[in-house]
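Single-letter residue listing:
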Amino acid sequence: MKPLSKIWFNGKFINWKEAKIHILTHALHYGTAIFEGMRCYETVHGPAIFRMREHYTRFLNGVKAYQFKLDYNVEELIKITEKLIVKNKVKSCYIRPICYMASERLGLGMVENDKFGLAIMALDFGRYFGSKTGKGITCSVSSWKRISSTTLSPHVKASANYLNSVLARFEATNSGFDETIMLSEEGHVSEGSAENIFIVQDGEIITPPLYDGILAGVTRDSIMAIAKEEGYIVKEKSILRDELYTADEVFLCGTAAEIIPVISIDKRKVGKGKGAGPITKEITDSFRTIVSGKDERFGKWLDYIKYK
Ligand SMILES: Cc1ncc(COP(=O)(O)O)c(C=O)c1O
């Protein structure tokens, strides 16, 4: 990953190489961190961050649910992030805010004077699935179940959750698949290692509900809104494993992955087994038009960076 110039780190902009933490930092030992991932797109009107407000709302909801201490509101975080883009002089990038338990100590319980840190970094980040982006990816169904809400909250983008994703993803890539799809403890389709999932069946667009262990994805929400605007029936309902194998189209979505067609699952072809199906393609085209700043109907989703 190519380093950029500045990282916002605990109250100020510092040089990329100086953004460091101590080896005893609580978050490193116990996964006590909550983060976000969003994208700044190069649009026809200049750089713009996609649905930043929704990302920071999810972030602060996680901070509240897990009783982390952070003295910033959404508006303040937005202002810092806009400055970060200006300082790094980038047209497009991935943005990673992280709030972490910064106390340098062993021991699990949170205590009154525990310290929390906040960093926001801009990263030079291209396509998550590289050259497979337009062509589609192969998936397995993971032997690892998605964390259940009685263990950790799947709705909070907490670092601890991602060991579940890492295990699942590694199992898949080790067996020659590009990505994997996890099931919930109940056997319902949940999501990819870092993406939500949609299937298309008989012209209807279906995605698992929030209670099947998914992260409430901002891209997922955007796709549901786009598809409804285009006149499709969109359903949030539980999906069983065999429905993946017989779906007309399947695609994954997320900030990093954007929209990626799935061409096979457990070696069964999805549709013709080549590229995006017609509905996936239509939604992907609409999404790209929106993030290029060319669709006024969804203009409110873009926060334009003002260079003074
Ligand atoms: C586990 C998981 N599910 C779903 C998503 C998609 O969420 P979003 O569209 O908000 O990036 C992500 C990516 O952040 C993720 O890590």
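Basis of the calculations
- Residues numbered from 1 in each chain as written.
- Predicted model: local features only at pLDDT ≥ 70, side-chain atom pairs only at ≥ 80, totals over all residues.
- Heavy atoms only, no water.
- Helix = DSSP H or I, 4+ residues; strand = E, 2+ residues; numbered from the N terminus.
- Expected span 1.5 Å × (residues − 1).
- Buried < 20%, exposed > 50% of the residue type's maximum accessible area, 1.4 Å probe, protein only.
- Polar contact = N/O pair within 3.5 Å; in protein donor to acceptor, adjacent residues only side chain to side chain.
- Axes fitted to C-alpha atoms, helices over the stretch in contact; angles between N-to-C directions.
- Parallel < 35°, antiparallel > 145°, perpendicular 65-115°, else oblique.
- Contact = heavy atoms within 4.5 Å.
- Nonpolar A, V, L, I, M, F, W, Y, C, P; charged D, E, K, R; others polar.
- Core = buried A, V, L, I, M, F, W, Y, C linked by side-chain atoms within 4.5 Å.
- Near = heavy atom within 4 Å.
- Areas by Shrake-Rupley, 256 points an atom, 1.4 Å probe, with all protein chains shown as cover.
- Domains from an automatic or database assignment.
- Buried area = accessible area lost by both parts, 1.4 Å probe.
- Salt bridge = Lys/Arg side-chain N within 4 Å of Asp/Glu carboxyl O.

(A) Expanded view of helix 3 (residues 74–88). The terminal C-alpha atoms of helix 3 lie 21 Å apart, and with 15 residues this matches the ideal 21 Å at 1.5 Å per residue to within 8%. For helix 3, every residue scored as buried is listed here: Val74, Leu77, Ile78, Ile80, Thr81, Glu82, Leu84, Ile85 and Asn88. Backbone nitrogen of Glu75 and a side-chain oxygen of the N-cap are separated by 3.2 Å at the start of helix 3; the cap is Asn73. In the segment just after helix 3, Lys89 is the residue with positive phi, at about 50 degrees.

(B) Inspection of the packing of helix 5 (residues 218–229) against helix 7 (residues 278–291) at higher detail. Put simply, helix 5 and helix 7 touch, their axes get as near as 10 Å, and they point 110 degrees apart. Overall, the two elements helix 5 and helix 7 adopt an arrangement that is roughly perpendicular. Here helix 5 contributes Thr219, Ile223, Ile226 and Ala227 to the contact with helix 7, which in turn contributes Ile283, Ser286, Phe287 and Ile290. Of the residues contributing to the contact of helix 5 with helix 7, the split by class is 6 nonpolar, 2 polar and no charged.

(C) Main features of the nonpolar core. In terms of nonpolar packing, the biggest core is built from 31 residues, with Ile49, Tyr56, Phe59, Ile85, Ile95 and Ile120 touching the most fellow members. Of all the secondary structure elements, the ones that give two or more residues to this core are strand 4 (38–43), helix 2 (52–65), helix 3, strand 6 (93–101) and strand 7 (116–123). Top element by residues in this core is helix 3. It accounts for 6 residues. The residues touching Ile120, leaving out its near neighbours within four places in the chain, are Ile7, Trp8, Tyr56, Leu77, Ile80, Thr81, Leu84, Ile95, Arg96 and Pro97. Core analysis: the next-biggest nonpolar cluster, separate from the first, contains 22 residues, Met224, Ile279, Phe287 and Val291 among them.

(D) Focus on the site of the ligand. Around the ligand, the surrounding shell holds 17 residues, and the nearest of these are Lys157, Tyr162, Glu191, Thr219 and Thr255. Separating an oxygen atom of the ligand from a side-chain N or O atom of Tyr162 is a distance of 2.4 Å. At 2.6 Å, a side-chain N or O of Thr255 approaches an oxygen atom of the ligand. Its free accessible area being 380 Å², the ligand has 97% of it covered by the protein chains. If you list the elements that add at least two residues to the shell around the ligand, you get helix 2, helix 5 and strand 14 (249–254).

(E) Looking closely at the domain arrangement of the chain. Here the domain parsing of the chain yields domain 1 (6–123) and domain 2 (130–291). Centre-to-centre, using C-alpha coordinates, domain 1 lies 26 Å away from domain 2. Contact with domain 1, which involves 21 residues of that partner, is made by 22 residues of domain 2. Here domain 1 and domain 2 share an interface that buries about 1700 Å² over both sides, 60% of which is from carbon and sulfur atoms. Seen at the junction of domain 1 and domain 2, the total is 1 salt bridge. Between the two partners, domain 1 and domain 2, sit 11 residue pairs in polar contact (both at pLDDT 80 or more). Of all the secondary structure elements, the ones that give two or more residues to the side of domain 1 that touches domain 2 are strand 3 (33–35), strand 4, helix 2 and strand 6. A breakdown of the residues in the side of domain 1 that touches domain 2 according to their chemical character gives 10 nonpolar, 5 polar and 6 charged.

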